[in-house]
Amino acid sequence: MNKSKHKHRAIIAHGMWGRGGAEAAAMWIISALSETFDVTVYTRCGFDLEALNALAGTSLSPEALTVRWARVEGGLQVGAWTAGRFLRSLHSIAEGFDLCVSASGILPWGRPALHFLSSIDCDPDLARRLWHGGRIPLKARISHIVQRLAYGTLQPQAEGVFVTNSEWLKRQCAHACSGPIEVIHPAVPTLSKGLPWQDREDAVLVFGRISPEKRIEACIQIVELARADGFAGKLVIAGPEGPADYTAQIRELAETRDWITVMPNQSGNQRDVLLGKVRYGLNACLYEAFGISSAEMAAAGIIVLVPQGTGQDEIVSDPIQQYASELDASSKLVMLGSNAALQIRLHERAHLVRGRYNPAGFVAAVQRVAQKAISFKTEGRATPENPTGP
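Residues numbered from 1 in each chain as written. Predicted model: local features only at pLDDT ≥ 70, side-chain atom pairs only at ≥ 80, totals over all residues. Heavy atoms only, no water.

K.L.:
Looking at this structure, how should I read the side chain of Arg271?
P.N.:
Along the chain, Arg271 turns up in helix H9 (residues 268-275). On the basis of relative accessibility, which here comes to 6%, the residue Arg271 falls in the buried class. Separated by 3.3 Å, the side chains of Arg271 and Asp272 make a polar contact. Arg271 has contacts with Ala54, Leu55, Leu191, Phe207, Gln266 and Glu296, leaving out every residue within four places of it along the chain. (Helix = DSSP H or I, 4+ residues; strand = E, 2+ residues; numbered from the N terminus. Buried < 20%, exposed > 50% of the residue type's maximum accessible area, 1.4 Å probe, protein only. Polar contact = N/O pair within 3.5 Å; in protein donor to acceptor, adjacent residues only side chain to side chain. Contact = heavy atoms within 4.5 Å.)

Here's what the structure looks like:
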């Protein structure tokens, strides 16, 4: 592509592109910065522009960016090793760019950067405490050791400007951020409002990646308890597959229950059709920093139930839709199923999400914070808080 002579140059790093909420948010970051920067995406695998546009609802063209592939495999074909080598490569790849951007997490650029935080794994100690109850599984411990060996002895500098996707995540990760923190909620593209409430299926949708932290088995338990108490709805699970063993576990649970349908990942028009035809949504992740899938469901008019005390509280604020346990969630499903007036009220309120997380507002906020990050200088020089320097 032809590079502009007057634009700043930005490099945006994301090691491995999956097909989840973090990647959807990262695509909107690229979209926002490509308007005012010459953008290079730095990655080691998974970047498929067409597929990622469909996932996020963006419309980036190949001419809008440059993709630079990290050649970090080496002779040892181990995921943790290549991940460590990718982190090590950031120190040298940053040269020549005006702005370094971590698309998801805190990356060791070796210089001040703009870091977008999308989950608690930006702080390994916090993730260990919350996800694993203070103990890391053996496989994860081995991966961490291998990654550290590949990364080497470089000192990871993680200064700069930090952006969390919710007030909840800002509170959780503030101690891990060595710089100013801002909150910018992710962009949620405007979806179709879907079918009228009376024409929708009386079904519960679990929408998003099938992975252990999403606790899909808890969603199955919730709907099973509700059905035993008179709720008539079925369960639909739709999303990209995560770890093979966990996906197999969920499929096995579904195969023994004729009221569960497991669908492949839905994007684009297929996603809009699915979101527009079901009545209820369910999320069971106890440490969801924001919950793009929950926001998408709400924007389509779905009544979403979420665990209380997570970042999803900022999307679903009505206490009726927040639950304290699986039993509590099942009771709320039963209540909703028998109260037509409450259904209509919550359905209409759900649509308010459509304006709250509009892409235009996200793009403007990202562009503003990028300019702030460029002005953030190394120690001993001017900073936004101290414009004259020490």
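Having seen the structure, we can now continue with the description.
K.L.:
Would you take a moment to explain helix H10 (residues 292-299) for this structure?
P.N.:
In an α-helix, one full turn covers 3.6 residues, which means residues spaced three or four apart are oriented alike. Counting buried positions along H10 yields eight of eight residues, so the element is predominantly enclosed. Looking at H10, one finds that the buried residues are Ile292, Ser293, Ser294, Ala295, Glu296, Met297, Ala298 and Ala299.

K.L.:
I tried to follow the packing of aromatic side chains on my own but got confused; where do I start?
P.N.:
Within the structure shown, the criterion is met by five aromatic pairs. Aromatic pair Trp197 and Tyr280: ring centres 6.0 Å apart, planes at 85°, arrangement edge-to-face. Taken together, the residues span a long stretch of sequence, with Trp197 in the loop between strand S7 (181-183) and strand S8 (201-207) and Tyr280 in strand S11 (residues 278-282) at a distance of 83 residues. For Tyr280, a relative accessible area of 0% translates into the label buried. A centroid spacing of 5.2 Å and a plane angle of 90° characterise the contact between Phe290 and Tyr357, whose relative ring orientation is edge-to-face. (Phe/Tyr/Trp six-rings, centres within 6.5 Å; stacked < 30°, edge-to-face > 60°.)

K.L.:
Help me out: how do you make sense of the side chain of Gln312 in this one?
P.N.:
Its place among the elements puts Gln312 in the loop between strand S12 (303-307) and strand S13 (322-323). The contacts of Gln312, once residues within four sequence positions are left out, are Asn283, Cys285, Glu288, Phe290, Gly291, Ser294, Val306 and Pro307.

K.L.:
Looking at this model, I keep getting lost on the packing of helix H7 (residues 216-228) against helix H11 (residues 326-337). Mind explaining?
P.N.:
Each packed pair of helices is defined by two parameters, the angle between the axes and the distance between the axes. Between H7 and H11, the shortest axis-to-axis distance is 8 Å and the interhelical angle comes to 50°. As judged from the angle between their axes, H7 and H11 are oblique. At the point where H7 passes H11, the crossing takes the right-handed sense. In contact with Ala218, Gln221, Ile222, Val223, Leu225 and Ala226 of H7, H11 contributes Glu326, Leu327, Ala329, Ser330, Leu333 and Val334. (Axes fitted to C-alpha atoms, helices over the stretch in contact; angles between N-to-C directions. Parallel < 35°, antiparallel > 145°, perpendicular 65-115°, else oblique. Left-handed = near helix turned anticlockwise from the far one by under 90°.)

K.L.:
Would you take a moment to explain the environment of Cys173 for this structure?
P.N.:
Examined against the element boundaries, Cys173 turns out to sit in helix H6 (residues 167-173). On the basis of relative accessible area, Cys173 is assigned to the buried category, the value being 0%. Between the alpha carbons of Cys173 and Asp121 there is a distance of 9.4 Å; along the sequence they are 52 residues apart.

K.L.:
Sorry, what's going on with the sheet that holds strand S6 (residues 160-164) here?
P.N.:
What holds strands together in a sheet is hydrogen bonding between their backbones, with the strands either parallel or antiparallel. With parallel pairing, the seven strands of this open sheet are ordered in space as S3-S2-S1-S4-S5-S6-S7. Each end of this open sheet is capped by a strand with a single partner; those strands are strand S3 (66-69) and S7. Shown here is a sheet whose adjacent strand axes are inclined to one another by a mean of 25°, direction ignored. Relative to strand S2 (residues 37-43), helix H1 (residues 21-34) is tilted by about 150°, and along the sheet it contacts strand S1 (8-13), S2, strand S4 (99-102) and strand S5 (113-117). Together, S1, S2, S4, S5, S6 and S7 form the strand contacts of helix H14 (residues 359-374), whose direction differs from that of S5 by roughly 140°. (Pairing = 2+ DSSP bridges.)

K.L.:
For this particular structure, what's the right way to read the sheet that holds S11?
P.N.:
Strand order across the open sheet formed by six strands is S10-S9-S8-S11-S12-S13, with parallel pairing between neighbours. The two strands at the open ends of the sheet, each matched to only one other strand, are strand S10 (260-263) and S13. As paired strands, strand S9 (residues 234-238) and S10 are joined by four bridges and run parallel to one another. Bridge assignment links Val236 to a residue of S10, and that residue is Thr261. Running over the sheet, H7 touches S8, S9, S10, S11 and S13 and is turned about 165° from S9. The sheet contacts of H9 involve S8, S9, S10 and S11, and relative to S8 the element is tilted by about 130°.

K.L.:
Would you take a moment to explain unusual backbone geometry for this structure?
P.N.:
Among all residues except glycine, the phi angle is most often negative; among peptide bonds, the trans geometry is most common. Positive phi, close to 50°, is recorded for Arg215, a residue that is not glycine. Relative to the elements of secondary structure, Arg215 occurs in the loop between S8 and H7.

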